[in-house]
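Now for the letters of each chain:
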Amino acid sequence: MFPSLLVLIIVAVAVAGTPAFVENEAYASGQLGAGPFQTYNSSAFRPVQWNYAQTSAETTPGLIFIAPLGSDSGQVGGCIYNQDGTLVYDAAEYGISMSFYKVTYKEADHLLMWTGNIALSGYGYGHYLLLNTSYDVVANFTTTLSDTLADFHDGQLFGDTAMMTVYPIQGMNLSSYGGASDGWIINSGFQQVSVESGEEIFAWQALDHVDPSECYADPGTTGSSFKNPWDFFHINAVSKDDSGNFLISSRHCHTVYYINGDSGDIIWRMGGKNSSFTMSNGTDFQWQHDARWRGKSRISLFDNAATHGEMDAEYSRGLLLELDTESMVVNLVTEYIPYNRTASVSQGNVQILDNDTGAAVIGWGFQPWFSQHTGDGQIQWAVQLVSSMFKHVDRAYLFNWTATPSAAPSISVSSSSPVVVYATWNGATEIASWELLGSSTSSPQDRISLSVVPKTDFETALTYDGEATYTYFQVAALNSANEHIGYSDFARAIY
């Protein structure tokens with residue numbers, strides 16, 4: 001259990017850096033504002049404040065990776081949190097980052113994130129960045145398909161290559177589908193490239209293999225111009241398996257496609273109007289996201305069951321499905337139900353933590369929630385992020401992550417008496433305590449150790465009330481072995 005906040009600030013939406021609230025009615029009802037966020041003295045970061053609606057004494061070790069998007073929060077972009085809601089790393093410098101998660105590249109842990117611009121129609125144009133465990137950018141890559149930059153919906157690594165979704169626009173006669181004869185359509189697909197060179201390895205686009213009649217999203221008022229194209233397919237997931245084939249998800253066709261990695265031909269369809277499988281009870285899905293292989297015969301996905309203006313079910317679900325490719329039947333293994341039992345009209349993900357047990361973390365997309373579930377679907381804990389729908393959590397992940405930033409720790413010195421020195425080190429995971437050092441000159445040779453205090457949060461306050469007067473202060477981070485792992489610059493005291 002995480003400690004509840006005993007004293008609430010009702011008017012302000014900013015709260016001093018603090019662990020997550022627990023069952024906080026003021027937060028849930030919006031009395032703290034639509035998007036409460038944390039603040040610090042030594043950093044300008046304003047990450048979203050959590051509220052646990054349900055907690056559990058049993059948790060899976062690891063850190064939470066999310067990238068909130070929307071207007072009702074202090075900021076957008078990727079963040080890593082401890083499970084008590086305290087910040088570990090804030091990637092606000094990179095801006096909007098719908099994709100933000102841990103990957104393996106060259107046999108080492110890295111962060112993969114997308115950064116770019118988002119179109120109002122719900123796709124993007126940008127680049128993917130790879131950051132190492134020092135948070136240095138080691139690769140920057142994108143798509144070149146039809147001269148179109150990479151979309152945010154999915155970027156996945158396969159060895160030293162990357163698959164990215166892409167949304168090229170082209171002219172097309174749409175009269176057969178209820179659109180304009182001189183219309184415009186998004187021919188979305190994916191491209192696999194070398195991470196280092198950017199050279200294309202494989203590319204696939206929907207119109208070469210899928211007729212727009214398979215889609216459930218009619219042109220309506222779209223398709224009339226290049227700036228307002230018809231998005232008939234809406235690819236939102238791509239991954240490559242050890243057989244060399246690709247698994248992709250089309251939201252607007254309600255279909256998961258298995259693609260031949262040599263020819264690009266469709267091997268089978270799951271769901272939609274032309275499903276290759278019989279969908280058994282509880283396995284139908286609509287407007288889905290994040291289809292992934294989970295072993296040789298299981299697939300997980302996020303069943304939105306809704307889109308803007310249409311509700312196909314009472315609530316969205318995470319699904320774990322079993323595919324019998326001999327009898328061509330899909331069976332339900334597990335469904336994961338949201339804490340607030342509502343439908344998420346866009347976004348969402350399912351991270352299976354253990355393929356054997358089916359334990360999962362679910363990001364509820366347009367509904368600003370994420371939760372962990374047992375293998376039989378029961379909720380272990382559930383977190384609410386803001387009280388309005390103007391903040392989204394496209395995806396949520398739980399990963400083990402160890403990092404020591406190449407950048408130095410940050411420091412801020414108060415002008416109060418006694419002096420309070422605030423210390424942060426964005427992204428550092430191995431800090432056990434902070435040492436406060438004083439100096440009469442801005443020279444490390446002259447510094448004197450004043451105190452050592454345990455790390456308490458993303459930001460730790462160190463108080464000096466000794467008799468000697470120091471012109472400069474510095475902080476040093478120590479690990480659990482009491483070793484110095486980083487030093488801040490000196491900061492001048494103002495008396």
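Our structure is the block above this text.
Criteria and cut-off values
- Within any chain, residue numbers begin from 1 and follow the written order of that chain's sequence.
- This being a predicted model, a pLDDT of at least 70 is required before a residue's local features are given, and a value of 80 or more before pairs of side-chain atoms are given or counted; all residues contribute to the totals for chains, interfaces and linings.
- Side-chain descriptors were evaluated using all non-hydrogen atoms of the structure, hydrogens and water having been removed beforehand.
- Helix and strand definitions here come from DSSP, where helices need a minimum of 4 consecutive H or I residues and strands a minimum of 2 consecutive E residues; each element is numbered from the N-terminal end.
- This radius of gyration counts C-alpha atoms alone. The globule rule is 2.2 Å times how many residues there are, raised to the power 0.38.
- Whether a residue is buried, partly exposed or exposed follows from its accessible area with a 1.4 Å probe, protein chains only, as a fraction of its type maximum: under 20%, in between, or over 50%, in that order.
- Computed by Shrake-Rupley with a 1.4 Å probe, the accessible areas treat only the displayed protein chains as cover when residues are assessed.
- In this tally Asp and Glu are treated as negative and Lys and Arg as positive; neither His nor the chain ends contributes.
- To locate a charge, the coordinates of NZ of Lys, CZ of Arg, CG of Asp or CD of Glu are taken.
- The rule for pairing is simple: two strands pair if DSSP sees at least two bridges between them.
- Between the N-to-C directions of two axes lies an angle of 0 to 180 degrees, each axis being a line fitted to C-alpha atoms and, for a helix, fitted only over the stretch in contact.
- Only one rule defines a salt bridge in this text: a Lys or Arg side-chain nitrogen within 4 Å of an Asp or Glu carboxyl oxygen.
- The criterion is simple. A nonpolar core is a set of buried Ala, Val, Leu, Ile, Met, Phe, Trp, Tyr and Cys residues joined through side-chain atoms within 4.5 Å.
- Contact between two residues is taken to exist if any of their heavy atoms lie within 4.5 Å; hydrogens are not considered.
- Working definition: rings of Phe, Tyr and Trp (its six-membered ring) pair if their centres are within 6.5 Å, and the pair is stacked with planes under 30 degrees apart, edge-to-face with planes over 60 apart, and tilted otherwise.
- Two conditions define a charge located above a ring, namely a distance within 6 Å from the ring centre to NZ of Lys or CZ of Arg, and an angle within 35 degrees of the ring normal.

A. Representation of the overall build of the protein chain within the structure. Helices and strands together make up the secondary structure of the protein chain, namely 1 helix and 43 strands. Taking 23 Å as the expected radius of gyration for a compact globule of 495 residues, we find that the protein chain reaches 25 Å, a close match to that expectation. For the C-alpha atoms alone, the extent of the protein chain along its principal axes is close to 85 × 50 × 45 Å. A buried classification covers 56% of the 495 residues belonging to the protein chain. Total accessible area computed for the protein chain in this model is approximately 19,700 Å², and 47% of it derives from carbon and sulfur atoms. With 19 positive and 50 negative side-chain charges, the protein chain shows a separation of 2 Å between the mean positions of the two kinds.

B. Up close: the sheet that holds strand 8 (residues 87–90). Read across the sheet, 4 strands follow the order 8-7-5-35 without closing on themselves; strand pairing throughout is antiparallel. Bordering the open sheet on either side are strand 8 and strand 35 (396–399), each of which pairs with just one other strand. Going across the sheet, the axis of each strand differs from the next one's by a mean of 20°, ignoring polarity. Relative to strand 7 (residues 79–81), strand 5 (residues 63–66) runs antiparallel, the two being bridged by 3 bridges. In the sheet register, Ile66 faces strand 7, and the bridge partner there is Cys79.

C. Broad picture of the pattern of salt bridges. Counting across every chain of the model gives 10 salt bridges. Taking the shortest distance from any N to any O, the salt bridge between Arg317 and Glu335 comes out at 2.9 Å. Note that Arg317 is positioned in strand 28 (residues 317–324) and Glu335 in strand 29 (residues 329–336), a separation of 18 residues in sequence. The class for Arg317 is buried, based on a relative accessible area of 10%.

D. How the structure looks around unusual backbone geometry. In the Ramachandran plot, His234 falls in the positive-phi region, its phi being about 55° despite a non-glycine side chain. In this fold, His234 is placed in the loop between strand 18 (200–205) and strand 19 (235–240). Phi is positive for His254, which is not a glycine, with a value near 55°. Residue His254 is classed as buried on the basis of its relative accessible area of 4%.

E. Layout of the pairing of strand 22 (residues 266–270). Here 4 bridges tie strand 21 (residues 255–259) to strand 22, and the two strands are oriented antiparallel to one another. Considered in strand 22, the bridge of Tyr258 is made with Trp268. Hairpin connection between strand 21 and strand 22: a loop of 6 residues separates the two successive antiparallel strands, and Gly264 in this loop has a positive phi of roughly 85°.

F. Focus on the sheet that holds strand 40 (residues 460–464). Taken together, 3 strands build an open sheet; the order of strands is 36-37-40 and the sheet is antiparallel. Here the strands that pair on one side only, and so sit at the sheet edges, are strand 36 (410–413) and strand 40. Each strand axis lies, on average, 20° off the axis of its neighbour in the sheet, ignoring direction. The pairing of strand 37 (residues 419–424) with strand 40 spans 5 bridges and is antiparallel. Counted as the bridge partner of Val420 is Thr463 from strand 40.

G. View of the nonpolar core. By size, the foremost hydrophobic cluster in this structure holds 36 residues, and its most contacted members are Phe65, Ile80, Tyr89, Phe100, Leu111, Leu130 and Phe141. Contacts of Ile80, omitting those with residues within four sequence positions, involve Leu63, Ile64, Phe65, Leu87, Val88, Tyr89, Phe100, Leu111, Tyr135 and Trp401. Among the nonpolar cores identified, the runner-up in size contains 26 residues, and Val22, Tyr52, Val361 and Val386 belong to it.

H. Representation of the packing of aromatic side chains in the model. On inspection of all chains with the given rule, the structure shows 38 aromatic pairs. Ring centres of Phe65 and Trp401 lie 6.2 Å apart, and the angle between their planes is 90°; on these two criteria the pair is classed as edge-to-face. Taken together, the residues Phe65 in strand 5 and Trp401 in the loop between strand 35 and strand 36 connect sequence positions 336 residues apart. Here Phe65 and Trp401 have matching classes, each one buried. In textbook terms, an aromatic cluster arises when at least three aromatic residues are bridged by ring pairs, as seen for Tyr177, Phe190, Phe202, Trp204, Trp230, Phe232, Phe233, Phe246 and Tyr257. The lysine or arginine in question, Arg46, covers the ring of Phe37, its NZ or CZ lying 4.8 Å from the ring centre. For Lys273, the ring lying beneath its charged end belongs to Tyr216, and the centroid distance is 4.9 Å.

That is the geometry; function is a separate question.
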